[in-house]
Amino acid sequence: MSAALAYRRSRASFLDLSAGFSTAVLWFFATVAVIFLLIGLGIELASGIDGGESIWENSQYATRYFPLSMGIMITAAYLPVAVASGVTRRSFAWAGTGAVLALSGLMALFEAGGYLIEYGLYRVIDVTPQFTTRHLFDQGYQFWIIVPEVWIVVAANVAAGWLIGSAYYKWGWFGPTLALPLLLLPLVAVEAIMAVGWAGEALDAMNVEHLPTAAAVPAALAVLALTLAGMQRFVRAIDLRPQKA
Amino acid sequence: MTLDIDIQNLTVRYPGVTAVDDLTLKLEGGKIYGLLGRNGSGKTTLLSLIAAFRRVTEGTVLVDGEAPFENERLTQQICLVRESGDIVVDGDSVKGILRRSRRFRPQWDDEFAQRLLDLFQVPLDRGVAKLSRGQKSALGITVGLASRAPLTMLDESYLGMDAPSRYAFYDVLLEDYIENPRTIILSTHLIEEVARLFEQVVIIDRGRLVAHDDTESLRMRGAAVVGPATAVDDFTTGMTVLGEQRLGGTKSVTVFGEIHPDARAVATDWGLELSPVALQDLFVHLTKGDPA
């Protein structure tokens, strides 16, 4: 089998996944943007944002867990379609990896854009946004740091969703539910290594030292790469389930 | 282009049941096969293995001389449409399904797909969830046929269609097969309706191969004997009777077993008419046993 054929099939499968996710992602972006704009306006009207606390920072959880839910659907919804359309699991797994990276990349750009806009708006009233949880960046305009931070953390969430969804598809609900802590391990590892957002807070509360950024980023990338490599092998071993009548 | 299939000692076990039991079967490329079997006889499992929906764990399945599982060259040339379709993601529209098929199927024929949708009256802009059962079946058929996959397998995929649509499907399948020869396997319960399409018939029961032959040869394994009731009774004495009907003094008895040319000559002398047995009668006889 030629590499060119495998590339074409993976690409087609990636485009199919992207087309399937695009509407939901666009709705998500619109909803989050509107909600946070309204929250911002509400706070400004009620008490003002003189304290400078970042409102957009709270969106980091939505941009983690919505993509995680999309990750859960990758195998359950799209593997049967891909295999029934003549795509091998290998090509599908590459497409899934592409979807994980693309979805998290979009979320990273969205987050960075939000921080930039918030920074600009705050600066108009001569306030600098302050962050309540730990980040690798300390200013909202530092998109060159925001993008990799969010990208890595969200990619770990989507990959975890993919792993969880694949396990449920392959083994049904009972075993994977019992093994859920194990399935979440790669995600927890990346969150702990990166120590941003809730994970940073939790580690602080437990008086655990954070890894220096220069070590944390490569280590988190290594865990992410291992997770995705593991998914490549795992997806290749999944049989399509019998259909519901 | 057509693909042949070579299955050797294939066994598939599910918890508590053996779905396919040491099955050996060779299917030449470029023919229309009828795959017949009762519910739970292993038809869908067999087709799923050929289409690489599942891994083969015991025995071998070769398509065009190679194992299809994780074989990109082969899988893109194999199209299996199961009863309610694997080609749909929740929220998909008919247009979206066509777009997907165009993307994945190298021999996809858009014009033919459109013609089939028109024929089966499937609206292009409607969401698949809003289609009737018959329309969903028709959509599956459309994808199966317009993919023009060298190995096309339709597993009960037209059961939901009404009779006029099914007959239109049989005609269009035959017409397209003549223009674009390929290997087609039709798994069905509507045996008599589809029998005219089959060049060869494979019957499996409880995962085992019961019969594999040309349709006509298979039908010649028995006979429908029609004539005066007394003569029919005398002629069929000692034969395996599959069924009988009587109208006045005329009787029709379906028997199983080869009828020797001498016996055929006797039948002619007695004024009896011998015709090949109906495939459905033969199927019922060969697979009778505990209800599935």
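How each quantity is defined
- Residues numbered from 1 in each chain as written.
- Chains lettered and ligands numbered in written order.
- Predicted model: local features only at pLDDT ≥ 70, side-chain atom pairs only at ≥ 80, totals over all residues.
- Helix = DSSP H or I, 4+ residues; strand = E, 2+ residues; numbered from the N terminus.
- Rg over C-alpha atoms; globule rule 2.2 N^0.38 Å.
- Buried ≥ 20, exposed ≤ 12 C-beta atoms within 10 Å, placed from the backbone.
- Contact = placed C-beta atoms within 7 Å.
- Expected span 1.5 Å × (residues − 1).
- Pairing = 2+ DSSP bridges.
- UniProt positions renumbered as here; feature names shortened; annotations may be inferred.
- Nonpolar A, V, L, I, M, F, W, Y, C, P; charged D, E, K, R; others polar.
- Axes fitted to C-alpha atoms, helices over the stretch in contact; angles between N-to-C directions.
- Parallel < 35°, antiparallel > 145°, perpendicular 65-115°, else oblique.

Any chance you could explain the overall build of chain A here in plain terms?
A count of helical and extended segments in chain A gives nine helices and zero strands. Going residue by residue from the N terminus, the α and β elements of chain A occur as α-α-α-α-α-α-α-α-α. Relative to the globule expectation of 18 Å for 245 residues, the C-alpha radius of gyration of chain A, 20 Å, shows essentially globular dimensions. The principal-axis extents of the C-alpha atoms in chain A amount to approximately 60 × 40 × 35 Å. Within chain A, the fraction of its 245 residues that count as buried is 42%. Within chain A, counting contacts between residues at least 6 apart in sequence, those at least 24 apart form 81% of the total.

Quick question: what am I supposed to make of helix H9 (residues 213-236) of chain A here?
Helical periodicity: at 3.6 residues per turn, an α-helix aligns residues three or four positions apart in one direction. Residue and element names in this part refer to chain A. Counted at 1.5 Å a residue, the expected span for H9 with its 24 residues is 34 Å, and the 35 Å between its end C-alpha atoms agrees. Ala216, Ala220, Val223, Leu224, Thr227, Leu228, Met231 and Val235 are the residues of H9 that are buried. For H9, the secondary structure elements touched by its buried residues are helix H2 (59-84), helix H3 (89-124), helix H4 (143-171) and helix H7 (185-194).

Hey, could you run me through the pairing of strand E8 (residues 200-205) of chain B in this one?
Within a regular strand, side chains alternate between the sheet's two faces. All names here are of chain B. Among the six residues of E8, five are classified as buried, and the element is accordingly described as predominantly covered. Strand direction decides the pairing type here: strand E3 (residues 32-36) and E8, joined by four bridges, are parallel. Residue pairing across strands places leucine 35 opposite valine 202, the latter belonging to E8. In the sheet, E8 pairs with strand E9 (residues 208-214) via six bridges, with the strands oriented antiparallel. By the bridge assignment, isoleucine 204 is partnered in E9 with leucine 209. If you look at the hairpin formed by E8 and E9, you'll find two residues sitting between the two strands, and arginine 206 has a positive phi there, around 50°.

When you look at the UniProt feature "transmembrane region" (unreviewed entry) in chain A in this model, what are you seeing that I'm missing?
All names here are of chain A. UniProt records the feature "transmembrane region" (unreviewed entry) for residues 21-45, 65-87, 99-121, 141-165, 177-199 and 211-231 in the present numbering. Between the C-alpha atoms that bound residues 65-87 the distance is 29 Å, and the span itself is 87% helix and 0% strand. The span residues 211-231 shows a helical share of 90% and a strand share of 0%, and its end C-alpha atoms are spaced 26 Å apart.

Explain the pairing of E3(B) to me, please; I cannot follow it from the model alone.
Residue and element names in this part refer to chain B. The buried fraction of E3 is high, at five of five residues. Residue alternation in E3 divides its side chains into two sets, Ile32, Gly34 and Leu36 and Tyr33 and Leu35, and both sets are buried. Bridge count between E3 and strand E7 (residues 183-187): four bridges; the pairing is parallel. By the bridge assignment for E7, glycine 34 is matched with leucine 186.

Can you help me understand the interface of chain A and chain B in this one?
Where the parts come together, the accessible area they lose is often given as the size of the interface. Taken together, the contacts link 25 residues of chain A with 26 residues of chain B. Of all the elements in the fold, those that place two or more residues in the side of chain A that touches chain B are helix H1 (3-46), H2 and H3 of chain A. Of all the elements, H1(A) adds the most residues to the side of chain A that touches chain B, at seven residues. In terms of residue class, the side of chain A that touches chain B is made up of 13 nonpolar, six polar and six charged.

Where do I start with the packing of helix H5 (residues 133-146) of chain B against helix H6 (residues 163-179) of chain B in this structure?
Axis angle and axis distance: for two packed helices, these are the angle between their axes and the distance between the axes, and together they describe the pair. All names here are of chain B. It is the contact of H5 with H6, at a shortest axis distance of 12 Å, that shows an interaxial angle of 0°. Compared by their axis directions, H5 and H6 come out roughly parallel. The residues of H6 that touch H5, namely those facing Gly134, Ala138, Ile141 and Leu145, are Ser165, Phe169, Leu173 and Asp176. A per-class count over the contact of H5 with H6 returns five nonpolar, two polar and one charged.

Is there a simple way to explain the sheet that holds strand E10 (residues 222-228) of chain B in this structure?
In a beta sheet, neighbouring strands are held together by backbone hydrogen bonds and run either parallel or antiparallel to one another. All names here are of chain B. Taking strand neighbours across the sheet as the criterion, the four strands line up as E11-E12-E10-E13 in an open arrangement whose pairing is antiparallel. At either end of the open sheet lies a strand with only one pairing partner, and these are strand E11 (240-247) and strand E13 (273-276). The average undirected angle you get between the axes of adjacent strands in this sheet is 20°. Of the strands in this sheet, E10, E11 and strand E12 (250-256) touch helix H9 (residues 229-236), which is tilted by about 145° from E10. Docked against the sheet, helix H11 (residues 279-287) engages E10, E11 and E12, running at close to 140° with respect to E11.

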